[in-house]
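So the chains spell out like this:
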Amino acid sequence: MNRRTAPHRRTALLLVALALASCEKKPEPTVDPGAATGDTDAPPPVKLDDSVPQEPDPAEIAQGQQKYLVGEYADVITLLQPLYADLKERKQYRASALAGTWLALAHAKSVFENSKEPAEWALSMAASTADAEVAAAAALAMGAYQIGNEDFDHAITSLAGAAASPDAGTAALGHVLKAEALIGAAFGGGESETVQHPEKFDEAKAEYDAAAASAKGHAAEDLLMGRIEEGYAALADYRKDKAGVCPHALAALSAFSRGGAKRLLEGPAELARDNKCVIPAELAAPEEG
């Protein structure tokens, strides 16, 4: 793994619980997806068929969300890929966007190119439905794809709206992903191993701070704080601050353990091992072999 890209490959893209209430169908789009993401090639809105009754969000979406929270990305794809295709086929607009969001986020953790289509669909649904929750979810999905594509400037723009969401969980994740994009931008993209814009690290730190403030008291606080603490540890590692790595890496391990996210332990454990931190036995993740 390219050491430069490790933090935003390792750090899980946690999308916390959105309030999935039924939304009113609106025939005319009121959200400009290009303005939301800074992408002039954003997908156009889709004309809605008002004759199709909209069903409640399927339970599988929440199940996929939970699997994502604990890092079971392949399971998310297995569960949601057929559901997403079915919802699109049956013109279930909001539900297909939310399923597509989770699917895009899961794909972004494996083969990021596969996240583009569901992220674009979610974005087009945000424009078509004018559903604020779908818009926030779509921005997160598109931001995750853009990070994978090393399109960091657009990712930062995409994620700014999610970070400003009134929903604390959505805001926290928006800040986390925006911090990851800023870390990528610090290196200037491509295969560069040299820090070109060190000021971006300070901006990333501020995003992690904002994420921590939003996460406090949230139902998914441990899973959010695991990513935030891992982000702090990665920043210290990039700054060659070995003394600063260990407390944050161990805090990330502890938070992920409390949240039951065993599959997410390896990222902070790797940081801890590389910096010769003393890892308590109960927090140690097995080394990759």
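1. Thoughts on the overall build of the chain
Stage number 1. Within the chain one finds 13 helices and zero strands.
Stage number 2. For the chain, the sequential pattern of α-helices and β-strands runs α-α-α-α-α-α-α-α-α-α-α-α-α.
Stage number 3. Here the chain holds 289 residues, and the buried ones make up 54% of them.
Stage number 4. Residue pairs in contact within the chain that sit at least 24 positions apart in sequence constitute 69% of those at least 6 positions apart.
Stage number 5. Accessible surface computed for the chain: about 12100 Å², of which carbon and sulfur atoms make up 54%.

2. Observations regarding the packing of helix α7 (residues 132-148) against helix α9 (residues 168-187)
Stage number 1. Contact pair α7 / α9: the axes reach a minimum separation of 10 Å and the direction vectors enclose 20 degrees. Comparing the axis directions of α7 and α9 gives the class roughly parallel. As α7 runs across α9, the sense of the crossing is left-handed. Residue-level contacts link Ala136, Leu140 and Ile147 of α7 to Thr170, Leu173, Gly174, Leu177, Glu180 and Ala181 of α9.

3. Here we look at the confidence of the model for the chain
Stage number 1. Chain-level pLDDT for the chain is 85 on average; 82% of the residues reach the 70-or-more range.
Stage number 2. Low pLDDT (under 50) marks residues 1-36, which in the prediction has 128 contacts with non-local residues, meaning those over four places away or in another chain.

Conventions we followed
- Residues numbered from 1 in each chain as written.
- Predicted model: local features only at pLDDT ≥ 70, side-chain atom pairs only at ≥ 80, totals over all residues.
- Heavy atoms only, no water.
- Helix = DSSP H or I, 4+ residues; strand = E, 2+ residues; numbered from the N terminus.
- Buried < 20%, exposed > 50% of the residue type's maximum accessible area, 1.4 Å probe, protein only.
- Contact = heavy atoms within 4.5 Å.
- Areas by Shrake-Rupley, 256 points an atom, 1.4 Å probe, with all protein chains shown as cover.
- Axes fitted to C-alpha atoms, helices over the stretch in contact; angles between N-to-C directions.
- Parallel < 35°, antiparallel > 145°, perpendicular 65-115°, else oblique.
- Left-handed = near helix turned anticlockwise from the far one by under 90°.
- pLDDT = per-residue confidence, 0-100.

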